[in-house]
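Listed below are the residues making up each chain.
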Amino acid sequence: MAIGIAKRAQAIKPSPTLAMAAKAKAMKAQGIDVVDFGVGEPDFDTPENVKQAGIKAIQSGFTKYTPAGGTDELKEAVVEKFKKDNGLAYEKSQVLISCGAKHSLYNIAEAVFDPGDEVIIPSPYWVSYPDQVLLNDAKPVIVETREQEGFRISAAKLEKAVTKRTKALVLNSPSNPTGLAYDRKTLEEIAAVAVKHQIYVISDEIYEKLVYDGFKHYSIASLGPEIKDLTIVVNGVSKSHAMTGWRIGFAAGPKDVITAMSNIQSQSTSNPASISQKAALEALRGPQDFLPVMNAEFDKRRKYMVGRLNAMEGISCLMPVGAFYAFPNVAKLFGKSFGGKTIKNSADLAAYLLESAKAALVSGDSFGADAYIRLSYATSLENITKGLDRIEAAVKALR
Ligand SMILES: *Cc1c(COP(=O)(O)O)cnc(C)c1O
């Protein structure tokens, strides 16, 4: 049989977080009052100055192809951003603008993974990492991290997972789904292992700007010239400037990797939308007063949500330091039942909470951590209060 779907496409599934979002939306469309804790994007509007830059781009006719890897001016702004925020010096030739950070990550996967390569992914992980590896015929090697270790992979654990076939480590700090982040010392230890074994570090720093309690974010690439030469940093404006729909992300790293990514992009998507590039330029170079306002609101919700979750019988939750997710441990609820149905795992619990509390959230198995569920606080405090009231009642009703 010649016809049929390629094996690599059969090996993957649609993003479970997007699937949950679609389900909640469908229930809302039916008139059901669902509280949506599944959201993976800020509930804030794109800042006005950024919108205006997009409108101006349209009105001035900036609506044609740009260079496939992004405009020179936006690359320059990204170079400035890395210098200013991370102390990282890149040439423009080491920067690529893509259609969202997810697209940057996918370009990396295509550019560096060969069939049989192993890619170390600490769990809990963002849902797309393993599937992007699989789509490029490489092998995800999941290394479990523990709540007691702040969900951070240690140098020792990494060392143990490295083999001759290891090509890369994927790091995500601050993390989706855990909301936790890597301190500088742990990053230094991880960098030493990467340098020793000469493996790439793919560092997803999309939540860099969404941090609380004075947490200081370090890019692993900034910890020395050797680790910088091995690291591809991924970032973007989606989360920091509430621009998820505009689709602008970027990557910076070794010139040969970026050139390969750029070639791939030129043969696949071509340039990210010209209009969005103008808006992203304003996001990076314009006033940044939007960010502290958004962060203060997230901070308030974070404390409220985590406090409420920890007060519930059978649930415990670490205090996140970044992003906009709480990732409570719900394993103590497994084995309990309601109406003759036993909750055996995080998917059962998520289904139960959707059914009886009309609260949509994502089960931890989607992130490779079945003892947990993920609740986003990128929704109003009013919604959070209502949803947590209902979850509390539903959890109490379990026997
Ligand atoms: C949201 C998110 C991205 C994707 O960002 P886009 O720019 O919208 O593609 C990448 N990584 C993580 C961990 C995310 O949560």
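For the structure, see preceding data.
Residues numbered from 1 in each chain as written. Predicted model: local features only at pLDDT ≥ 70, side-chain atom pairs only at ≥ 80, totals over all residues. Heavy atoms only, no water.

### Overview of the pattern of salt bridges
Opposite charge on two side chains makes pairing possible when the charged atoms of those side chains draw close.
Here's step 1: Counting across every chain of the model gives 28 salt bridges.
Here's step 2: Across the salt bridge formed by Glu208 and Lys81, the nearest N and O atoms sit 2.9 Å from each other. In this pair, Glu208 is assigned in the loop between β6 (200-204) and α9 (225-228) and Lys81 in helix α4 (residues 72-86), connecting sequence segments 127 residues apart.
Here's step 3: Residue classification places Glu208 among the buried residues on the basis of a relative accessible area of 8%.
Here's step 4: Here Lys81 falls in the buried class, since its relative accessible area comes to 6%.
Here's step 5: In this structure, Lys167 engages Asp114 in a salt bridge whose closest nitrogen and oxygen atoms are separated by 4.0 Å. Of this pair, Lys167 sits in strand β5 (residues 166-172) while Asp114 sits in the loop between α5 (101-112) and β3 (118-123); the two residues are 53 residues apart in sequence, bridging distant segments of the chain.
Here's step 6: A single network of salt bridges, built from pairs that share partners, joins Lys81, Lys84, Asp85, Glu208 and Lys209. (Salt bridge = Lys/Arg side-chain N within 4 Å of Asp/Glu carboxyl O. Helix = DSSP H or I, 4+ residues; strand = E, 2+ residues; numbered from the N terminus. Buried < 20%, exposed > 50% of the residue type's maximum accessible area, 1.4 Å probe, protein only.)

### Structural notes on the nonpolar core
Here's step 1: Formed by 79 residues in total, the largest nonpolar core has its most connected members in Phe37 and Ile391.
Here's step 2: Ranked by the residues each element gives to this core, the list is headed by helix α12 (residues 290-310), at seven residues.
Here's step 3: Here this core spans two domains, and each of domain 1 (7-45 + 290-396) and domain 2 (64-285) adds at least three residues to it.
Here's step 4: One finds Ile120, Leu158, Leu187 and Ala191 within the second-largest nonpolar core, a separate group that totals 23 residues. (Core = buried A, V, L, I, M, F, W, Y, C linked by side-chain atoms within 4.5 Å. Domains from an automatic or database assignment.)

### What about the environment of Asn263?
Here's step 1: By the secondary structure assignment, Asn263 is in helix α10 (residues 255-267).
Here's step 2: Classification of Asn263 by relative accessible area gives partly exposed; the value is 45%.
Here's step 3: Separated by 194 residues in sequence, Asn263 and Gly69 have C-alpha atoms that sit 8.3 Å apart.

### Points about unusual backbone geometry
Here's step 1: At the junction of Ser123 and Pro124, the peptide bond is cis and its omega measures out at 0 degrees in the coordinates.
Here's step 2: When you line up the elements, Pro124 lands in the loop between β3 and α6 (128-134).
Here's step 3: With an omega of 25 degrees, the peptide bond between Asn176 and Pro177 qualifies as cis.
Here's step 4: Take Pro177: it is sitting in the loop between β5 and α8 (184-197).
Here's step 5: Located in the positive-phi region is Gln198, a residue other than glycine, with phi close to 50 degrees.
Here's step 6: Following the sequence through the fold, Gln198 ends up in the loop between α8 and β6.
Here's step 7: Phi at Ala323 takes a positive value of approximately 60 degrees, unusual for a residue other than glycine.
Here's step 8: Examined against the element boundaries, Ala323 turns out to sit in the loop between α12 and β9 (325-326).

### A closer look at the site of the ligand
Here's step 1: The full set close to the ligand counts 13 residues, and Ala101, Asp204, Tyr207, Ser238 and Lys239 are the nearest of them.
Here's step 2: With respect to the ligand, the side chain of Lys239 contributes an N or O atom lying 3.0 Å from an oxygen atom.
Here's step 3: Arg247 is positioned such that a nitrogen or oxygen atom in its side chain is 2.8 Å from an oxygen atom of the ligand.
Here's step 4: About the coverage of the ligand: the protein hides 94% of its 380 Å² of free accessible area. (Near = heavy atom within 4 Å. Polar contact = N/O pair within 3.5 Å; in protein donor to acceptor, adjacent residues only side chain to side chain. Areas by Shrake-Rupley, 256 points an atom, 1.4 Å probe, with all protein chains shown as cover.)

### Focus on the sheet that holds β5
Here's step 1: Pairing within the open sheet is mixed, and its seven strands lie in the order β2-β8-β7-β6-β5-β3-β4. Sheet topology places β2 (95-98) and β4 (139-144) at the edges, where each strand pairs with a single neighbour. Averaged over neighbouring strand pairs, the angle between their axes works out to 20 degrees when direction is ignored.
Here's step 2: Inspection of the sheet shows β3 paired to β5 by three bridges, in the parallel sense. Across the sheet, Ile120 pairs through a bridge with Leu169, a residue of β5.
Here's step 3: Contacts from α5 reach β2, β5, β6, β7 (231-236) and β8 (249-252) within the one sheet, and its direction differs from that of β7 by about 160 degrees.
Here's step 4: α10 rests against β2, β6, β7 and β8 of the sheet, and its axis sits at about 30 degrees to β2. (Pairing = 2+ DSSP bridges. Axes fitted to C-alpha atoms, helices over the stretch in contact; angles between N-to-C directions. Contact = heavy atoms within 4.5 Å.)

### Comments concerning the side chain of Thr66
Here's step 1: Residue placement: Thr66 occurs in the loop between α3 (48-59) and α4.
Here's step 2: When near neighbours in sequence (up to four residues on either side) are disregarded, Thr66 contacts Thr71, Asn271, Ser274 and Gln277.

### So, the pairing of β8
Here's step 1: In β8, alternate side chains face the same way, and those of Gly249 and Ala251 on one face and Phe250 and Ala252 on the other are all buried.
Here's step 2: With four bridges joining them, β2 and β8 adopt antiparallel strand pairing. Pairing of Leu96 across the sheet is with Ala251, part of β8.

### Let's talk about the packing of aromatic side chains
Here's step 1: Applying the stated rule across the entire model yields 15 aromatic pairs.
Here's step 2: Judged by centre distance (5.9 Å) and plane angle (85 degrees), the rings of Tyr207 and Tyr325 are edge-to-face. Of this pair, Tyr207 sits in the loop between β6 and α9 while Tyr325 sits in strand β9; the two residues are 118 residues apart in sequence, bridging distant segments of the chain. Across the pair, exposure class does not vary: Tyr207 and Tyr325 are buried alike.
Here's step 3: By way of ring pairs, the aromatic residues Phe44, Tyr207, Phe290, Phe298, Phe324, Tyr325 and Tyr377 are connected into one cluster.
Here's step 4: Taking the ring centre of Tyr90 as reference, the NZ or CZ of Lys228 above it sits at 4.7 Å.
Here's step 5: Geometry around Phe62 places Lys278 over its ring, the cationic atom sitting 4.5 Å from the centre. (Phe/Tyr/Trp six-rings, centres within 6.5 Å; stacked < 30°, edge-to-face > 60°. Lys NZ or Arg CZ within 6 Å of the ring centre and 35° of its normal.)

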